[in-house]
There are 2 protein chains.
Amino acid sequence: MTDTLTRYKEHLREIGKLSSSLALLHWDQRTHLPEKGHAARAEVIGKLAKMVFELSISDDLGRYIEELETRDDLSPQDKASVRVVGRDYRRHKAIPPDLFEKFAIARSKSETAWEKAKAASDFAAFRPHLEEMIDYSRQFAEYYGYKENPYDALIEDYEPGMTAAKLKEIIAPLRDALVPFIKRLGEDGTKPRTDFIRGSFPEDKQQELSLHALSAIGYDFHAGRLDTTVHPFTIGVGPGDVRITTRFLSDDPFSGLYSSIHEGGHALYEQGIPDELRWTGLDDGASMGIHESQSRMWENMVGRSRAFWEFFTPITTGVFSQLSAAAADDLYRAVNVVEPSLVRVEADEVTYNLHIMLRFELEEGLINGRIAVNDLPQLWNEAMDRYLGVTPADDAHGVLQDVHWSGGMLGYFPSYMLGNLYAAQLFAAAHRDIPGLEEDFARGEFSRLLTWLREKIHQFGRIYDPIDLLERVTGEKPDSKYFIDYITQKYSEIYKI
Amino acid sequence: MTDTLTRYKEHLREIGKLSSSLALLHWDQRTHLPEKGHAARAEVIGKLAKMVFELSISDDLGRYIEELETRDDLSPQDKASVRVVGRDYRRHKAIPPDLFEKFAIARSKSETAWEKAKAASDFAAFRPHLEEMIDYSRQFAEYYGYKENPYDALIEDYEPGMTAAKLKEIIAPLRDALVPFIKRLGEDGTKPRTDFIRGSFPEDKQQELSLHALSAIGYDFHAGRLDTTVHPFTIGVGPGDVRITTRFLSDDPFSGLYSSIHEGGHALYEQGIPDELRWTGLDDGASMGIHESQSRMWENMVGRSRAFWEFFTPITTGVFSQLSAAAADDLYRAVNVVEPSLVRVEADEVTYNLHIMLRFELEEGLINGRIAVNDLPQLWNEAMDRYLGVTPADDAHGVLQDVHWSGGMLGYFPSYMLGNLYAAQLFAAAHRDIPGLEEDFARGEFSRLLTWLREKIHQFGRIYDPIDLLERVTGEKPDSKYFIDYITQKYSEIYKI
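What counts and what doesn't
Counting restarts for each chain, with residues numbered from 1 along the sequence as it is written. Whichever chain is written first becomes A and whichever ligand is written first becomes 1, with later ones labelled in order. The predicted nature of this model means local features are confined to residues of pLDDT at least 70 and side-chain atom pairs, given and counted, to a pLDDT of 80 or more, with totals for whole chains, interfaces and linings taken over all residues. Least-squares superposition aligns the copies on the C-alpha atoms of those residues with pLDDT at or above 70 in both. Domain borders in the structure are assigned automatically or taken from a domain database. Here contacts are defined at the residue level, using C-beta atoms placed from the backbone and a cut-off of 7 Å between them. Strands are runs of DSSP state E lasting at least two residues, helices are runs of H or I lasting at least four, and both sets are numbered from the N terminus onward. Strand pairing requires that DSSP identify at least two bridges connecting the strands. Here an angle of 0 to 180 degrees is reported between the N-to-C directions of two axes, which are lines fitted to C-alpha atoms, with helices fitted over the stretch in contact. Each residue is classed by its C-beta neighbour count within 10 Å, where at least 20 other C-beta atoms makes it buried, 12 or fewer makes it exposed, and intermediate counts make it partly exposed; the C-beta atoms are placed from backbone geometry. Residues are grouped as follows: Ala, Val, Leu, Ile, Met, Phe, Trp, Tyr, Cys and Pro are nonpolar; Asp, Glu, Lys and Arg are charged; every other residue, Gly included, is polar. Roughly parallel covers angles under 35 degrees, roughly antiparallel covers those over 145, roughly perpendicular covers 65 to 115, and oblique covers all other angles. The hand of a helix crossing depends on one turn: near helix anticlockwise from the far one by less than a right angle means left-handed, and clockwise means right-handed.

**Some points on the relation of the copies chain B and chain A**
Consideration 1: Overlay of chain B on chain A (RMSD 0.0 Å): rotation 180°, translation along the axis 0.0 Å. What we have between these two chains is a two-fold relation. For chain B, the smallest separation between a C-alpha atom and the rotation axis is recorded for B:Ser21, amounting to 3.4 Å.

Below, the structure written as structure tokens:
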């Protein structure tokens, strides 16, 4: 008779192989699938997704987990696997199947309603769906269980171990630092020039720039590829195959470049997960926030650094002759403009976190019944004014802008902010561990940073929970001070205040 | 309780969806998969293929088929589905699983041995493996069952209803016509000039030409796409998604074009299979031979016709300025050079079938024990001399050139020849039914031919067996006279004999 551990591993490998197939179906759907193939593709994806889901909640798997949890002869890696797979399993099983099915139908309607409501800027049309989504989230939170705050049960999906209380502790000093700092930048700062990067920048040249940057930071094109899509993404199709996409704006030479580096950062993480973790349940990022820390570090702390532009300016001016008069310092400043704006996905690194805080405060209030959906648009607009000094002209550019809530993804937003904070905290640790890192960047040399990330973070996949991992690497729990220091130093200099 | 017919259809849809996923994995493997992703991809493909195979031999499916075969309330389409699915099922079940498993292992070794043996032109190294493959084929034939000739049981996989006896009847007049005709072309004919199409032809320009031709013949780019691969192929990924690939040779402006049109012909067939046949077991070509008839008709009878070049010459000279002095007649003749050669895949349409006859005669002799593997190289070389007047310098360019036998695919080769014969017979019928077809082509108008093929062939998928289908459309059983007439008329004129 085969050993339970062997059967457990075989079960996870089966899930892994089907998930790999599913990932390819998704990737192709967004990159190469011909128009008329979409209807059938949706059915094929539905079928495979159902198979993966059924395997992930199967009674067999439940029995393997239960038995393996009692065994003390497992390797540390197998122990970690059983721990995270068991946690996922119990969450999946916690929701009664018929409730989940009702939710899936409601979610689909809600997403469609949101799309229409956003197009028409009609919050009232979306309101009942949002109420329903919040109601489901509350029910799920009860089934998952929590100690203090039902919100904690929801965030667990994205940031295991994080809670609303911890978030509030992290957020308070961040808000207190950022809101006045942004005000000061606007009132006393000298905004960098950007007029010299206006013009028309052909896609193939932009692509050349992206490929150059990706190769430089260590993205392995033998284990991935770059394609273009409307919405950039990273997808691990399988071992040795982590693909990224980007999109180029013809009037902006750097928007596509930073999309590429951002996705490249995600991909470096996944390319760095070792083979022995593949298809064990551990072959992913420690959390959404840790994943985002990698993309944001490479995009902003590396890619938007002065040292990077010392390296990258001759390459850029070589590709775009119309920029040949630009000095490294001009380009560095031009890609670091701060502009309080209405839409999260267009926000710079200084204002971005305020968009997230606003969302966190609102959704935490919604889940706890302190906020009524009906009051949401007004509360949104008030918070936008309070944090960023801007007011949406309509709900399409306000409360309706994000897809997340329409899909019942309450608890997701904080990961975006945590990504920035973790990135700063990790980057500070990297600087302590590796003297002369900026000099590396200025020479186009990023391998010491990548090696450090591989050793400290990537190699562990999901073995450690995010907060534990951060503490192992930096010696501290999540703390916003590193991000505050990074932002205030960098932008005080850029804005000459 | 769900009706058996419903469950049967659901079962086939499940196979269809997994097969679609599998097709995408294969396509991607040959077009976009990064180098380091291949090892894992092989495992993912293995897993999906096993799942499809298990579903296709499941006891559930067996019970559905058995019950549905006794029912007289099925629609004609459902009846046809049960007939072809039942036939496939019984063939799959006929082979004991442990024998098939042993065969799969032996085949894998045989294919590897063949690759090495071909590279070293070392037939002796491949001989034991080939003997084993033939032994398996004989065993399979016994399990499948046959009336006269064990070879009939093998060809059934590719051409249901075809037999060695029928093939011999078809072949005899073809051989008697072709062998002396080719000799005459060589001795008395005037070989067309090809010196003016030497040079260097950039890949992007060749691609432009291919896209133009594919659009003209009616390939739907909203339901497919063209990529480049080392070995061109067509793959139906799913409904509304039939993809083709081609390859371009930098020193030959038309090799890639004809690969594209050939695969385009296969794809037109699959794009023409109606939605109601999808995932019913009927959504494929009637046979390998009928499939090949579509690719060969578009490639040779349409694409290498004088009328086609009247249409396509201005397009070609527009794309390749170095050909601007070429007249339609020059290009028409240049793409129709006949050259007895050693290698099947490089053969022109006149000599091609002789390569197949030789293989058929040898493999039929091997299966029936009239030929010993040991004698194969000598028999091969003698037949090459007899049929084409050429002698391989070594076995790599002789008996070792094709992969098929190494994989145990005995009985496959005749489909290539039947494709040519069916094409000529169908093309003659199309000409009878549609007056002025050549004038259409000369204007770049191919829709009347395509509509005819859709109505006569494509819409039926696998509903009819190939010989029945041919008889329905042309009023006759397979007959080589149409091909002989086509070849002798066309090439007597081109070679001025």
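**Some words on the domain arrangement of chain A**
Residue and element names in this part refer to chain A.
Consideration 1: Taken domain by domain, chain A holds domain 1 (1-94) and domain 2 (149-497).
Consideration 2: Each of domain 1 and domain 2 was reduced to a C-alpha centroid, and the two centroids are 29 Å apart.
Consideration 3: The partner domain 2 presents 15 residues to the 15 residues of domain 1 that form the contact.
Consideration 4: Of all the elements, helix α1 (residues 4-31) adds the most residues to the side of domain 1 that touches domain 2, at eleven residues.

**A short note on the sheet that holds strand β3 (residues 241-246) of chain B**
Strands in a sheet are paired, the pairing made by backbone hydrogen bonds, and the direction either parallel or antiparallel.
All names here are of chain B.
Consideration 1: Taken together, the three strands give an open sheet; going across it, the order is β1-β3-β2, and neighbouring strands pair in mixed fashion. This sheet does not close on itself; its edge strands, each paired only once, are β1 (226-228) and β2 (234-238). The average angle at which neighbouring strand axes cross in this sheet is 30°, direction not considered.
Consideration 2: Pairing geometry for β2 and β3, over four bridges, is antiparallel. Looking at β3, one finds that Thr234 is bridged to Ile244.

**What to know about the sheet that holds strand β1 (residues 226-228) of chain A**
All names here are of chain A.
Consideration 1: Pairing is mixed across the open sheet formed by three strands, whose spatial order is β1-β3-β2. If you trace the sheet from one side to the other, it starts and ends with β1 and β2 (234-238), each paired once. Direction aside, neighbouring strands of the sheet carry axes that sit 30° apart on average.
Consideration 2: When β1 meets strand β3 (residues 241-246), the two strands line up parallel, connected through three bridges. The residue bridging Thr228 from the neighbouring strand is Thr246, located in β3.
Consideration 3: Each of β1, β2 and β3 is contacted by helix α10 (residues 255-271), which is oriented at about 165° to β3, the strand it contacts most.

**Thoughts on the pairing of β3(B)**
Consideration 1: With respect to burial, β3(B) is a largely interior element, six of its six residues being buried.
Consideration 2: Count of turn residues in the β2(B)/β3(B) antiparallel hairpin: two residues, of which B:Gly240 carries a positive phi of about 75°.

**Observations regarding the interface of chain B and chain A**
Consideration 1: Taken together, the contacts link 29 residues of chain B with 29 residues of chain A.
Consideration 2: Elements with a minimum of two residues in the side of chain B that touches chain A: α1 (4-31), α2 (38-56) and β2 of chain B.
Consideration 3: Classifying every residue of the side of chain B that touches chain A gives eleven nonpolar, eight polar and ten charged.

**Side note on the packing of α1(A) against helix α3 (residues 59-69) of chain A**
Residue and element names in this part refer to chain A.
Consideration 1: Between α1 and α3, the shortest axis-to-axis distance is 10 Å and the interhelical angle comes to 135°. Taken together, the axes of α1 and α3 lie oblique to each other. As α1 runs across α3, the sense of the crossing is left-handed. Contacts between α1 and α3 involve Thr4, Leu5, Arg7, Tyr8 and His11 from the first element and Asp60, Leu61, Tyr64, Glu67 and Leu68 from the second.
Consideration 2: Here the residues of the contact of α1 with α3 sort into five nonpolar, two polar and three charged.

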